[in-house]
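# Fold and contact review
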Amino acid sequence: SVIGGAVIDITSRPNTIAKMGTTNAGTVELTCGGVGRNVAECIQLLGLNVRFSTVLGSDMLGQMMAANLASLAFAECNVRPVKQPSPTYSSFLSDQGDMMVAIGSMEAFAELNEHAVARAALPGSDRLVCVDGNLAKTGLAAVAAQCLQAGVPLWFEPTATSKACAFLDPAVLPAVRAITPNILEMQTIAEEVLGRASVAAALPPSDDARLSYMQKLHSKVTQALPDVVILLKLGPLGVLAPTAEDASSGAVTYDHYPALRVDHIASANGAGDSMVGAVIAGLCKGRSWRESVLCGLAASRLSLLSKYTVNPDVGKVDLLQVARDYGTRC
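Let me begin by describing the structure that accompanies this report. (Residues numbered from 1 in each chain as written. Predicted model: local features only at pLDDT ≥ 70, side-chain atom pairs only at ≥ 80, totals over all residues. Heavy atoms only, no water.)

### Looking at helix α7 (residues 271-284)
Relative to the 20 Å expected for 14 residues at 1.5 Å per residue, α7 spans 20 Å between its end C-alpha atoms, a close match to the ideal helical length. A large share of α7 lies buried, amounting to 12 of its 14 residues. The positive-phi residue at the C-terminal boundary of α7 is Gly286, with phi of around 95°. (Helix = DSSP H or I, 4+ residues; strand = E, 2+ residues; numbered from the N terminus. Expected span 1.5 Å × (residues − 1). Buried < 20%, exposed > 50% of the residue type's maximum accessible area, 1.4 Å probe, protein only.)

In structure tokens form, the structure reads like this:
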């Protein structure tokens, strides 16, 4: 099961370097996204049955999203109608496709509470439950309680720095098996777990120095949270992720996986979500951590090449072969 946001994405991208204070020629795309929805779609396209739960308003954008969710043919789709406007995310990209700034209208997610979770009838036959940071505090606690009771692992996708630490709630943390933060979310988590002094005021400017800094920070946080697997998304630097897990002790070995080569980025929106979905799908299919992470990198690459948050072709290719073809050491 996946519980989280279904969001209409409005993506603007200038043809050349943007000039502030004036209109820039470029493209504006309206697509269906949302972290939870993206993760669920990727898992579904990779051949697994997914139950997805979210909230939507009754406005035009909500109707557009409802039609999209119906087209994805999830095994089960629980949509709780709410009075608030449907969640919307508007991002402004650079001419190279990197996100520069974004605005989210997400008031409806306050209704992703314990009542929305009750509609999902968790965990059922689920092998894993994934939630994003859009859940209300009561909703997240309800999911965690049900996962603990059933012995089903809970994955938490932070979504944003403001929501990154929600999994540290004592009512939630015992159920959490894995989290998937990006660099900024990891810094926020480290501040909460280790103290503000553990986090640099500014990220190192060079790629090598930034990677070294994040590896050290990742090591400290994993030591402080030994029962939580931390798959750290590093953007163009790749990912810090497990390579193996000791079956008897549960100890996890981590490594740095460089990002796959990409010649042209259509949009960076959804690349991290596609990675998470493909890693989860790989693990649920019985793949090793290493193979699952490589599949995640390949799904992320395919997302970068598409205007859609999840590339519709992600389930039509051999992801491990994509990783071998475009990786530096696979």
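### Here's the deal with helix α5 (residues 183-194)
Here α5 is 12 residues long and its end C-alpha atoms lie 16 Å apart, about the 16 Å a rise of 1.5 Å per residue gives. For α5, the set of buried residues is Ile183, Glu185, Met186, Gln187, Ile189 and Ala190. The elements touched by buried residues of α5 are β9 (154-157), β10 (176-179), α6 (207-224), β11 (229-230) and β12 (232-233). N-capping of α5 is provided by Asn182, with a side-chain oxygen placed 3.2 Å from the backbone N of Leu184. Residue Gly195 follows α5 closely and has a positive phi angle near 105°. (Contact = heavy atoms within 4.5 Å. Polar contact = N/O pair within 3.5 Å; in protein donor to acceptor, adjacent residues only side chain to side chain.)

### Regarding the pairing of β9
Within a regular beta strand, the side chains point alternately toward one face of the sheet and then the other, so they alternate between its two faces. Judged by which residues are buried, β9 turns out to be covered on both faces: Leu154 and Phe156 on one side and Trp155 and Glu157 on the other are all buried. One ladder, built from 4 bridges, connects strand β8 (residues 129-132) with β9; its direction is parallel. Each residue of the ladder has a partner; that of Cys130, found in β9, is Trp155. (Pairing = 2+ DSSP bridges.)

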